[in-house]
Amino acid sequence: AQTVTQSQPEMSVQEAETVTLSCTYDTSESDYYLFWYKQPPSRQMILVIRQEAYKQQNATENRFSVNFQKAAKSFSLKISDSQLGDAAMYFCAYDTGANSKLTFGKGITLSVRP
Amino acid sequence: ETGVTQSPTHLIKTRGQQVTLRCSSQSGHNTVSWYQQALGQGPQFIFQYYREEENGRGNFPPRFSGLQFPNYSSELNVNALELDDSALYLCASSSLFGGETQYFGPGTRLLVL
């Protein structure tokens, strides 16, 4: 079974600084999909970024980028120029591609200091 | 474009009762997945519906059941509620299954007393 591990329960970053959130996963598949979702206190899960495992290029979305290391099964999220609105819980998630069953990590709470 | 909506937003039930949660998928999406999120945890996959058929199920007992309607909206039914069923229930829709981005609704907070 696939597992997703987020070992850091909490992180804090100064506004305008850069922070990296870690995620590792375990799978025997060669093709799969990885996601980072953000869940603010409002509870709605919002997609941050998506990575296809067969693509070597790391995905980027404005201030958000990933460092995808397939051999190491590592998928970290970098947030540049952190803003107060980035404060939320962040979940790393894995999809085998066979169906849309997302396997989530336990999440990391990010706080942003003004 | 209308996003994923869920109703109700909050619900309080007592142990042994039955509950129905509802989800309207995003326009153009034919796949709906349901997740249970306990406090302080990541969501856990309950099941998925694609074109009105169940298309995968997580490790949840049969008292968790669902439906998908021709307009692709969906229901989650839970019978014989237990205290541990207290959680946030999230619905997500996608245009297909298999790696497609899932878009989540705001969730239904269920409290079982």
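Every value quoted in this text rests on a predicted model; they were computed, and no experiment measured them.

**Structural notes on the pattern of salt bridges**
Residues and elements named next belong to chain A.
Stage number 1. With the rule as written, the count across this model stands at eight salt bridges over all chains.
Stage number 2. In this structure, Lys73 engages Asp26 in a salt bridge whose closest nitrogen and oxygen atoms are separated by 3.7 Å. Taken together, the positions of Lys73 in the loop between β8 (64-69) and β9 (74-79) and Asp26 in strand β4 (residues 24-26) put the pair 47 residues apart, joining distant regions of the chain.
Stage number 3. On the basis of relative accessibility, which here comes to 26%, the residue Lys73 falls in the partly exposed class.
Stage number 4. Between Lys55 and Glu52 there is a salt bridge whose closest N-O contact spans 3.0 Å.
Stage number 5. In this structure Lys55 comes out as partly exposed when scored by relative accessible area, which is 42%.
Stage number 6. Residue Glu52 is classed as buried on the basis of its relative accessible area, which comes to 13%.
Stage number 7. Overlapping salt bridges, with partners in common, bring together Arg50, Glu52 and Lys55 in one network.

**Considering the state of the cysteines**
Residue and element names in this part refer to chain B.
Stage number 1. Throughout the structure, instances matching the rule amount to two disulfides over all chains.
Stage number 2. Shown here is the disulfide that connects Cys23 with Cys91, its sulfur atoms set 1.7 Å apart. The disulfide joining Cys23 to Cys91 has a torsion of about -55° about its S-S bond and is therefore left-handed. In this pair, Cys23 is assigned in strand β3 (residues 19-24) and Cys91 in strand β9 (residues 87-94), connecting sequence segments 68 residues apart.
Stage number 3. Note on Cys23: relative accessible area 2%, which makes it buried.
Stage number 4. Note on Cys91: relative accessible area 0%, which makes it buried.

**Side note on the pairing of β9(B)**
Residue and element names in this part refer to chain B.
Stage number 1. Of all eight residues making up β9, eight are buried, and the element is well covered by its neighbours.
Stage number 2. On β9, burial covers both faces: Ala87, Tyr89, Cys91 and Ser93 on one face and Leu88, Leu90, Ala92 and Ser94 on the other are all buried.
Stage number 3. Relative to β9, strand β4 (residues 31-37) runs antiparallel, the two sharing seven bridges. In the strand pairing of β9, Ser33 is matched with Ala92.
Stage number 4. As paired strands, β9 and strand β11 (residues 108-112) are joined by three bridges and run antiparallel to one another. Bridging from a neighbouring strand, Ala87 pairs with Leu110 of β11.
Stage number 5. One ladder, built from two bridges, connects β9 with strand β10 (residues 103-104); its direction is antiparallel. Bridging across to β10, Ser93 finds its partner in Tyr103.

**What about a nonpolar patch on the surface?**
All names here are of chain B.
Stage number 1. There is a patch of nonpolar side chains on the surface, built from Ile12, Leu111 and Leu113 and spanning about 310 Å² of accessible area.
Stage number 2. For Leu113, the position within the fold is in the segment after β11.
Stage number 3. Residue class for Leu113 comes out exposed when judged on its relative accessible area of 56%.

**Things to note about the nonpolar core**
Stage number 1. Ranked by size, the top nonpolar core spans 26 residues in total, and within it A:Leu21, A:Tyr25, A:Trp36, A:Phe75, A:Leu77, A:Ile79 and A:Tyr90 carry the most contacts.
Stage number 2. Counting only elements with at least two residues in this core, the list comes to β3 (19-21), β5 (33-39), β6 (46-52), β8, β9, β10 (88-95) and β12 (108-113) of chain A.
Stage number 3. The element contributing the most residues to this core is β10(A), with four residues.
Stage number 4. Beyond its immediate chain neighbours, meaning those up to four positions away, A:Phe75 contacts A:Leu21, A:Cys23, A:Tyr25, A:Leu34, A:Phe35, A:Trp36, A:Gln51, A:Val66, A:Asn67, A:Phe68 and A:Cys92.
Stage number 5. If you look at the next biggest cluster of nonpolar residues, it comprises 19 residues, including B:Cys23, B:Phe60, B:Leu76 and B:Leu110.

**Description of the side chain of B:Asp85**
Stage number 1. By the element assignment, B:Asp85 lies in the loop between β8 (74-78) and β9.
Stage number 2. Once you skip the residues sitting within four places of it in the chain, B:Asp85 turns out to touch B:Gln36, B:Arg63, B:Phe64, B:Val78, B:Ala80, B:Leu110 and B:Val112.

**Things to note about the sheet that holds β8(B)**
Residue and element names in this part refer to chain B.
Stage number 1. On the basis of which strands lie adjacent, the open sheet formed by four strands has the order β1-β3-β8-β7 and antiparallel pairing. The two strands at the open ends of the sheet, each matched to only one other strand, are β1 (5-7) and β7 (64-68). Each neighbouring strand pair of the sheet contributes to a mean axis angle of 20°, computed without reference to strand direction.
Stage number 2. Here three bridges tie β1 to β3, and the two strands are oriented antiparallel to one another. Bridged to Ser7 within β3 is Arg22.

How each quantity is defined
Residues numbered from 1 in each chain as written. Chains lettered and ligands numbered in written order. Predicted model: local features only at pLDDT ≥ 70, side-chain atom pairs only at ≥ 80, totals over all residues. Heavy atoms only, no water. Salt bridge = Lys/Arg side-chain N within 4 Å of Asp/Glu carboxyl O. Helix = DSSP H or I, 4+ residues; strand = E, 2+ residues; numbered from the N terminus. Buried < 20%, exposed > 50% of the residue type's maximum accessible area, 1.4 Å probe, protein only. Disulfide = S-S within 2.5 Å. Pairing = 2+ DSSP bridges. Patch = residues over 30% accessible without salt bridge, like charges linked within 9 Å, V, L, I, M, F, W, Y side chains within 5 Å. Areas by Shrake-Rupley, 256 points an atom, 1.4 Å probe, with all protein chains shown as cover. Core = buried A, V, L, I, M, F, W, Y, C linked by side-chain atoms within 4.5 Å. Contact = heavy atoms within 4.5 Å. Axes fitted to C-alpha atoms, helices over the stretch in contact; angles between N-to-C directions.

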